[in-house]
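Now for the letters of each chain:
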Amino acid sequence: MTGPFLSLAQIHNRLILTARQVLRQHRPGPDGRCPTCRTTGCPVADAARDVLHTATRVRLWATTPPPDDSVDPPQPG
């Protein structure tokens, strides 16, 4: 658990470290199945990937939101 004395940056870093650890533990084996869950589509690994994707897009001190990946920027010409 995180304490109330941690900064936003520390909580952010702990989320990333925990998600990476989960991905290491739930890495598929040679047969394509998760060694922990014994499934081919591990929902825990999917959730950890979502946390990593979201945490890396968050800018703690940004004044403007990050660009949206789903919208292509206009091309000149």
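Residues numbered from 1 in each chain as written. Predicted model: local features only at pLDDT ≥ 70, side-chain atom pairs only at ≥ 80, totals over all residues. Heavy atoms only, no water.

Colleague: Any details on the overall build of the protein? Residues and values, ideally.
Modeller: Each helix and strand counted, the protein has two helices and zero strands in total. In the protein, once contacts between residues fewer than 6 apart in sequence are set aside, the share between residues at least 24 apart is 35%. Of the roughly 6300 Å² of accessible surface on the protein, a fraction of 58% belongs to carbon and sulfur atoms. (Helix = DSSP H or I, 4+ residues; strand = E, 2+ residues; numbered from the N terminus. Contact = heavy atoms within 4.5 Å. Areas by Shrake-Rupley, 256 points an atom, 1.4 Å probe, with all protein chains shown as cover.)

Colleague: So what's going on with the side chain of His12? Residues and values would help.
Modeller: With respect to the element layout, His12 can be found in helix H1 (residues 8-25). Engagement of the side chain of His12 in a polar contact is seen with the backbone oxygen of Ala55, the distance being 2.7 Å. (Polar contact = N/O pair within 3.5 Å; in protein donor to acceptor, adjacent residues only side chain to side chain.)

Colleague: Run through the pattern of salt bridges, naming residues and quoting values.
Modeller: For the structure on display, the rule yields one salt bridge. In this structure, Asp46 engages Arg49 in a salt bridge whose closest nitrogen and oxygen atoms are separated by 2.8 Å. A residue pair is termed a helical-turn pair when its members lie 3 or 4 positions apart in one helix, as Asp46 and Arg49 do in helix H2 (residues 43-57) at three residues. Residue classification places Asp46 among the partly exposed residues on the basis of a relative accessible area of 39%. (Salt bridge = Lys/Arg side-chain N within 4 Å of Asp/Glu carboxyl O. Buried < 20%, exposed > 50% of the residue type's maximum accessible area, 1.4 Å probe, protein only.)

Colleague: I'd like a rundown of H1, residues and numbers included.
Modeller: The first and last C-alpha atoms of H1 sit 26 Å apart over 18 residues, in line with the 26 Å expected at 1.5 Å per residue. All of the buried residues in H1 are His12, Ile16, Ala19 and Leu23. For H1, the buried positions fall inside an angular range of 65° around the axis, keeping them on one side. Exposed side of H1, more than 90 degrees from the buried face: Leu17 and Arg24 are the residues found there. Close packing links the buried residues of H1 with H2. (Expected span 1.5 Å × (residues − 1). Arc of directions from axis to C-beta.)

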